[in-house]
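Chain residues, written in single-letter form:
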Amino acid sequence: MPESKQPKKTSASTSQSEPVHGASDFLVVSNRLPVDRVSNGTDDAGWRRAPGGLVTALAPVMAARDGGWVGWHGAPDETLEPFHHENMDLIPVPLSSDEVELYYEGFSNSTLWPLYHDVIAPPEFHRTWWDSYRLVNRRFAEAAAGAAAKNATVWVQDYQLQLVPSYLRQLRPDLRIGFFNHIPFPPPEIFAQLPWRQPIIDGLLGADLIGFQRPNDTANFLRSARRFLGASVKAQQVHVRADDGRTSHISRAEPFPISIDVGQIQELAARPDIIARSRQIREDMGNPKTILLGVDRLDYTKGITHRLKAYGELLHDGIVKVEDASLIQVASPSRERVESYRHLREEVEGTVGRINGQFDTIENTAVRYLHHSYPVEEMVALYLAADVMLVTALRDGMNLVAKEYVAARGDNTGALVLSEFTGAADQLKQALLVNPHDIDGLKATIVRAINLPKTESSRRMRAMRKQILSHDVQRWSEDFLATLQIDAVRDDS
Ligand code: G6P
């Protein structure tokens, strides 16, 4: 993959980046830029496209429409000039170390993240975090306002940037603004706790189109808009009023369940070297009858401890033998400076240690725990090696791992155990659905998955693949952008 040249560093201050004025017809704004820095050992050598469906889906739109992407480049206290990479203008937004602590680790990931995920961990409310969130959202909006061409389309992504739509509308009323929330939107009874619930709703309503993962998230948002803002909501539309009481614009909320780059996963799943690697993985695991697999960011929303508890009890009860069924758990490092994530890591690693200490033999290990991130090639080899995929999230906006597993299983084998609290459960109805809080139910479902008759697993997998193959991430982005543009035409007429 070609890498772009290293952009020039300006100063290590937090000052405003100088935006490229008015060049982009289509802009994406997200907390992180879709590139990773590549190092050649001693120095930064350039940038490489980060893995992920969103950037793949949008690459053709970027190339066709003078596209740009506004986001943080991942290093605190560093200001970079905009640069060009693979047909996109990348516009880095600087964050100071303090802002990483207050805006990113604080308000985004210790207030909003737990609040929006059913308060699985207690959210913290701090005014200094809120102040930083506002300031940083303003900076992102200013960078986008400077980079967007006249009448451009701007698509803002996720919970870290919920104030950007309204700031952007104030700065550039000519723009067409979309917003997509990748995580759940909580019911008003929980959202009510947020001291800044009103400005958050106001911020989102700056968008012409607000996309959510599930119909439930959309309904939750519309109920909150009515309850906390007294907004006039008709069907899925909110009439947003200007200060003089007249309708300034109509903001529409709709579900758009996100998906994956199905073509890429299928292609990798058919590659001989990746198939060979999957066989090697099975051999290295001691060729057990069944390989169970979990793949998650190490996050308390993912239900990793529930999964380990169920599997540990099955070993303890003698229902599952370590020689017969081993679990591979990939837990990629995430938000490691946030307290609740540190606790989770200790808990998970303590539990894995106890299970392995009790049930491992010289030849077989109960849980092969991997605290790493892997390239997509290795992930697909793992999907091919796994007979049973365990997705036991306590709450998850979508869960793309479940969709990737299904996309990789070209021969219609394999069983998916899927939490009913994921967005993916709306689409993958033929998975073995579980409530991960019900440990006995989870144990019974894991046993069922291990022993699922071939005809039944194949019937289920075929149906799930039919859904996934016709709903990839390209279709998701086309649907969202078409709705945003069609509405533009409708409003203008
Ligand atoms: C979730 C969020 C994304 C976020 C990702 C990784 O999927 O919806 O917005 O980028 O987690 O988290 P991080 O904090 O490392 O960006």
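Please read all numbers here as calculations on a predicted model, not as lab measurements.

Caption draft 1: Just the overall build of the protein chain, in detail. The helix and strand inventory of the protein chain stands at 17 helices and 18 strands. Relative to its length of 493 residues, the protein chain is compact, with a C-alpha radius of gyration of 23 Å against a globular reference of 23 Å. For the protein chain, the proportion of its 493 residues judged to be buried stands at 58%. In the protein chain, of all internal contacts separated by at least 6 residues, the share reaching a separation of at least 24 is 74%. Split by element, the accessible area of the protein chain, about 20200 Å² in all, is 49% carbon and sulfur. Of the side-chain charges in the protein chain, 55 are positive and 64 negative, and the distance between the mean point of each set is 5 Å.

Caption draft 2: Structural view of the site of the ligand. Every residue lining the ligand is accounted for by Arg-32, Tyr-104, Asp-158, Tyr-159, Gln-160, His-182, Ile-183, Arg-297 and Arg-335. At 2.5 Å, a side-chain N or O of Tyr-104 approaches an oxygen atom of the ligand. Between the ligand and Arg-335 there is a distance of 2.9 Å, counted from an oxygen atom to a side-chain nitrogen or oxygen. Taken by itself the ligand offers 380 Å² of open surface, and the protein chains cover 69% of this. Within the shell around the ligand, the residues separate by chemical class into three nonpolar, two polar and four charged.

Caption draft 3: A look at the domain arrangement of the protein chain. Partitioning the protein chain into domains gives domain 1 (3-259 + 475-492) and domain 2 (262-471). Put simply, the middle of domain 1 and the middle of domain 2, counted by C-alpha atoms, are 31 Å apart. Each partner contributes residues to the interface: domain 1 has 22 residues there, and domain 2 has 20 residues. Of the roughly 1800 Å² buried where domain 1 meets domain 2, counting both sides, 56% is carbon and sulfur surface. On the domain 1 side of the contact with domain 2, Trp-113, Ile-120 and Ser-259 bury the most area, a combined 28% of that side's loss. Seen at the junction of domain 1 and domain 2, the total is two salt bridges. Across the salt bridge formed by Arg-395 and Asp-118, the nearest N and O atoms sit 3.2 Å from each other. Joining domain 1 to domain 2, the criterion identifies nine residue pairs in polar contact (both at pLDDT 80 or more). Per element, the largest residue contribution to the side of domain 1 that touches domain 2 is seven residues, and it comes from helix α2 (residues 97-116).

Caption draft 4: Representation of the packing of helix α8 (residues 262-269) against helix α12 (residues 376-385) in the model. For the pair α8 and α12, interaxial distance at closest approach is 9 Å and the crossing angle is 70 degrees. As far as their axial angle goes, α12 and α8 are roughly perpendicular. Handedness of the crossing formed by α8 with α12: right-handed. Across the interface between the two elements, Gln-264, Ile-265, Leu-268 and Ala-269 of α8 pack against Val-376, Glu-377, Val-380 and Leu-384 of α12. For the contact of α8 with α12, a count of residues per class yields six nonpolar, one polar and one charged.

Caption draft 5: Helix α13 (residues 400-408), seen in detail. Burial analysis of α13 places seven of its nine residues in the buried class, which makes it a mostly covered element. Three or more residues of α13 are buried, namely Val-401, Ala-402, Lys-403, Tyr-405, Val-406, Ala-407 and Ala-408. At the N-terminal end of α13, a side-chain oxygen is found 3.2 Å from the backbone nitrogen of Val-401, two or three residues along, and the residue is Asn-399.

Caption draft 6: View of the pattern of salt bridges. Taken as a whole and assessed by the stated rule, the structure comprises 30 salt bridges. Between Asp-296 and Arg-307 there is a salt bridge; the shortest N-O distance is 2.7 Å. Here the residue Asp-296 occupies a position in strand β13 (residues 290-297), and Arg-307 occupies one in helix α10 (residues 304-317), the gap between them amounting to 11 residues. Take Asp-296: its relative accessible area is 6%, and that puts it in the buried class. For Arg-307, a relative accessible area of 1% translates into the label buried. Residues Glu-349 and Arg-345 are paired through a salt bridge, measuring 2.9 Å at the closest nitrogen-oxygen approach. Here Glu-349 and its partner Arg-345 are both found in helix α11 (residues 339-359), four residues apart, which amounts to about one turn of the helix. A relative accessible area of 30% means that Glu-349 is categorised as partly exposed. Here Arg-345 falls in the partly exposed class, since its relative accessible area comes to 32%. Salt bridges sharing common partners tie together Arg-169, Arg-176 and Asp-208.

Caption draft 7: Up close: the sheet that holds strand β15 (residues 367-370). Strand order in the open sheet made by the six strands is β15-β14-β13-β16-β17-β18, with parallel pairing throughout. Single-partner strands in this sheet number two, and they are β15 and β18 (432-434). Neighbour to neighbour, the strand axes of the sheet diverge by 20 degrees on average, direction disregarded. Alignment of β13 against strand β14 (residues 325-332), held across eight bridges, turns out to be parallel. Residue Val-295 lies in a different strand from β14, and its bridge partner there is Val-330.

Caption draft 8: Focus on the packing of aromatic side chains. The full count for this structure, using the stated rule, is 23 aromatic pairs. On the numbers, 5.4 Å between centres and 10 degrees between planes, the contact of Trp-130 with Trp-196 is stacked. With Trp-130 in helix α3 (residues 127-147) and Trp-196 in the loop between α5 (188-191) and α6 (197-204), the pair connects residues that are 66 residues apart, well separated along the chain. Through pairs of rings, three or more aromatic residues link up here, namely Tyr-116, Phe-185, Phe-191, Phe-212, Phe-221 and Phe-228. The side chain of Arg-138 reaches across the aromatic face of Tyr-167, ending 5.1 Å from its centre. In this structure, Arg-335 packs its charged tip against the face of Trp-113, placed 4.2 Å from the ring centre.

Caption draft 9: Focus on helix α1 (residues 53-64). Within α1 the residues assigned to the buried category are Leu-54, Val-55, Ala-57, Leu-58, Val-61 and Met-62. The arc that holds every buried residue of α1, seen down its axis, measures 160 degrees, which confines them to one face. Within two residues after α1, Asp-66 carries a phi angle of roughly 50 degrees, on the positive side.

Parameters and conventions
Here the residue numbers are simple positions, counted from 1 along each chain's written sequence. Local features are withheld for residues below a pLDDT of 70 in this predicted model, meaning they are given only at 70 or higher, and side-chain atom pairs are given and counted only at 80 or more; totals for whole chains, interfaces and linings count all residues. In computing side-chain properties, one takes all heavy atoms of the structure into account and sets aside hydrogens as well as water. Helix and strand definitions follow DSSP, with helices as H or I runs of at least four residues and strands as E runs of at least two, each counted in order from the N terminus. Computation of the radius of gyration draws on C-alpha atoms alone. For the globule rule, the value is 2.2 Å times the number of residues to the power 0.38. Throughout, exposure labels follow a simple rule: accessible area from a 1.4 Å probe, protein chains only, divided by the maximum for the residue type, with under 20% read as buried, over 50% as exposed, and the rest as partly exposed. Contact criterion: two residues are considered in contact whenever any of their non-hydrogen atoms come within 4.5 Å of each other. Using a 1.4 Å probe, the Shrake-Rupley method yields the accessible areas, and only the shown protein chains count as cover for residues. When charges are counted, Lys and Arg contribute as positive and Asp and Glu as negative, whereas His and the chain ends are disregarded. Lysine's charge is taken at NZ, arginine's at CZ, aspartate's at CG and glutamate's at CD. Put simply, a residue is near a molecule or strand once any heavy atom of it comes within 4 Å of that molecule or strand. Pairs of N or O atoms are called polar contacts if they sit within 3.5 Å, as long as, within protein, a hydrogen donor faces a hydrogen acceptor (for residues adjacent in sequence, only side-chain-to-side-chain pairs). Amino acids are sorted into nonpolar (Ala, Val, Leu, Ile, Met, Phe, Trp, Tyr, Cys and Pro), charged (Asp, Glu, Lys and Arg) and polar (every other residue, Gly among them). Domain borders in the structure are assigned automatically or taken from a domain database. By buried area we mean the combined loss of accessible area, with a 1.4 Å probe, across both parts when two parts are placed together. In the sections that follow, a salt bridge refers to a side-chain nitrogen of Lys or Arg positioned within 4 Å of a carboxyl oxygen of Asp or Glu. Axis lines are fitted through C-alpha atoms, for helices just across the contact stretch, and the angle between N-to-C directions can take any value from 0 to 180 degrees. An angle counts as roughly parallel when it lies under 35 degrees, as roughly antiparallel when it exceeds 145, as roughly perpendicular when it falls between 65 and 115, and as oblique in every other case. Crossing chirality is assigned from the near helix's rotation relative to the far helix, an anticlockwise turn below a right angle marking it left-handed and a clockwise turn marking it right-handed. Here, strands pair whenever DSSP counts at least two bridges between them. Aromatic pairs are defined between Phe, Tyr and Trp rings, using the six-membered ring for Trp, whenever the two ring centres lie within 6.5 Å; interplanar angles under 30 degrees are classed as stacked, those over 60 as edge-to-face, and all others as tilted. In this scheme, Lys NZ or Arg CZ marks a charge over a ring once it lies within 6 Å of the ring centre and within 35 degrees of the ring normal. The directions considered for the arc run from the helix axis to the C-beta atoms.

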